[in-house]
Amino acid sequence: MVPESLLVEGKTRTFFSGKRYQDIEGILEIQIDFTGGLDIGIRTFSDCWLKYDLEGREQSEMHQLNAPQLEQMLKSYSTLDNLDFQDWHESRYAQRKGFRLENHWEEDGTPINFSGEVLRF
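Here goes a summary of the coordinates provided. This one's a predicted model, so the numbers in the text were calculated from it and none came from an experiment. (Residues numbered from 1 in each chain as written. Predicted model: local features only at pLDDT ≥ 70, side-chain atom pairs only at ≥ 80, totals over all residues. Heavy atoms only, no water.)

Points about the pairing of strand β3 (residues 39–44)
Direction of pairing for strand β2 (residues 21–33) relative to β3: antiparallel, over a ladder of 6 bridges. From the neighbouring strand, I30 faces β3, where its bridge partner is I42. Between the end of β2 and the start of β3, which pair antiparallel, lie 5 residues, with G36 showing a positive phi angle near 75 degrees. (Pairing = 2+ DSSP bridges. Helix = DSSP H or I, 4+ residues; strand = E, 2+ residues; numbered from the N terminus.)

Regarding the environment of L38
Within the secondary structure, L38 sits in the loop between β2 and β3. Assessed through its relative accessible area of 31%, L38 is described here as partly exposed. Residues L38 and S5, 33 residues apart in the sequence, show an inter-C-alpha distance of 9.5 Å. (Buried < 20%, exposed > 50% of the residue type's maximum accessible area, 1.4 Å probe, protein only.)

Side note on the nonpolar core
With 18 residues, the main nonpolar core has I30, W49, L70, M73 and L101 as its most contacted residues. Residue assignment for this core shows that the elements contributing at least two residues are β2 and α1 (60–78). It is α1 that provides the largest number of residues to this core, a total of 5 residues. Setting aside residues no more than four positions away along its own chain, L101 makes contact with T44, W49, L50, L70, A94, Q95 and R96. (Core = buried A, V, L, I, M, F, W, Y, C linked by side-chain atoms within 4.5 Å. Contact = heavy atoms within 4.5 Å.)

Structure below.
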């Protein structure tokens, strides 16, 4: 008997300034659905991949340390069974550029500040 789907959760190595890191639970979720073919869904629950946090504060070092890891993982999944990442769903909190996530921007060029919202991913 083959399962209809698998949900992969675990710790994600997340880097902070000074190249410190911590393995944190619940930052990334991968769901694999086998019904009607192979569908891989990837959800992230952190802003560590973004150049600016969700309050609009710059976090360049954190972004430079974490974004390439997410990009590498997404590229490796895209090679499985010729998966097409073109139909990703956009997020309220980030936009997809290739295999990277980037901040949404205000018309004046500043990153959108979500600090007044209850964040639901």
